[in-house]
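Topology and contacts: notes
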Amino acid sequence: MPEFLTITDPADPRVAAYRDIKERDLVGREGRFIAEGETVLRAFVRDAPQRVESLLIDPKRRDKLSEVFDGLPQATPVYLVEQAVLDALAGFHLHRGVLAVGRKPDAIPAADLLAGLPERAVVLALFGIANHDNLGGIFRNAAAFGADAVLLDADCCDPFYRKAIRVSVGATLSVPTGYIGRGEDAVDLLRGASFTPLALTPSAERTLAEMEPPARAAALLGAEGPGLSADVIARAQGIGIPMANGFDSLNVATTSGIVLHHLRFGGR
């Protein structure tokens, strides 16, 4: 069972990791992250209990979370903090009343992650996704449709940022994630691992619906606005999603869901 500790002073050093959350979101937490909300906490404890350092909850939620506590490593601190103290500690009103501090996993190079995937696999390769809402939404879709991995280039935002975790409903904590180094050729990397790189672009002549999903498929997605670079598009297979009335733009997270559904189920 975890160790339950009551905190009455927001200046208590035992809960320093939870202090001034929004400000520390901007500067980082030196290998740690904040998970917020009951749904995210349940996913975190289910998928990676060994990386939970501590919990901080409103005591009113204790009974409701009893089965979550059962999944924690022995003696994990669970700090019980009344709402007023919790708000003073966090620096804003935290209506969810549930927080956790976790340790980030070691960053896995994309090449190493790809090498361990099965003979049939679907991955997403993301380029310059700097919006945490979009990144979280993409990870949520990756979990929902069983993507084998998400690859991030050096210009993507941090999947362990609090908002990205929250929007993903905890999926950034569980979906295998690999990192493409700055200057590393992602298209060559994917082809070298026998993946077919599919560049999502409105300019593509071939549509997603026309494509038979390859055994090892990598969907390449760029940031809204600039999209993928011309070089990446030229060296991958361009794939488009037709839209009505001349509309030519989808939210990138929405695009990821449509593409993953087709790659998983379109050939069946």
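Residues numbered from 1 in each chain as written. Predicted model: local features only at pLDDT ≥ 70, side-chain atom pairs only at ≥ 80, totals over all residues. Heavy atoms only, no water.

Remarks on the domain arrangement of the protein
Interfaces are often sized by the amount of accessible area the parts lose when they come together. Along its sequence, the protein is carved into domain 1 (3-103) and domain 2 (108-265). Computed from C-alpha atoms alone, the centre-to-centre distance between domain 1 and domain 2 is 31 Å. The interface of domain 1 with domain 2 comprises 14 residues on the first partner and nine residues on the second. Three residues stand out in domain 1 for area buried against domain 2, namely D25, F33 and V40, and they jointly supply 38% of the buried area on that side. There are three residue pairs in polar contact (both at pLDDT 80 or more) connecting domain 1 and domain 2. When contributions to the side of domain 1 that touches domain 2 are tallied by element, the ones reaching two or more residues are α1 (21-27), β2 (32-36) and α2 (38-47). Take the side of domain 1 that touches domain 2: its biggest share by element is five residues, from α2. Tallied by class, residues from the side of domain 1 that touches domain 2 come to seven nonpolar, one polar and six charged. (Domains from an automatic or database assignment. Contact = heavy atoms within 4.5 Å. Buried area = accessible area lost by both parts, 1.4 Å probe. Polar contact = N/O pair within 3.5 Å; in protein donor to acceptor, adjacent residues only side chain to side chain. Helix = DSSP H or I, 4+ residues; strand = E, 2+ residues; numbered from the N terminus. Nonpolar A, V, L, I, M, F, W, Y, C, P; charged D, E, K, R; others polar.)

Digging into helix α10 (residues 252-265)
Here α10 is 14 residues long and its end C-alpha atoms lie 20 Å apart, about the 20 Å a rise of 1.5 Å per residue gives. Where α10 starts, the residue carrying a side-chain oxygen 2.8 Å from the main-chain nitrogen of A253 turns out to be N251. (Expected span 1.5 Å × (residues − 1).)

A look at the sheet that holds strand β10 (residues 196-200)
Ordered by their spatial adjacency, seven strands build an open sheet running β6-β9-β8-β7-β11-β10-β12, and the pairing between neighbours is parallel. Looking at strand neighbours, the two that pair on one side only are β6 (108-109) and β12 (237-239), the edges of this open sheet. The pairing of β10 with strand β11 (residues 216-222) spans four bridges and is parallel. The residue bridging L198 from the neighbouring strand is A219, located in β11. (Pairing = 2+ DSSP bridges.)

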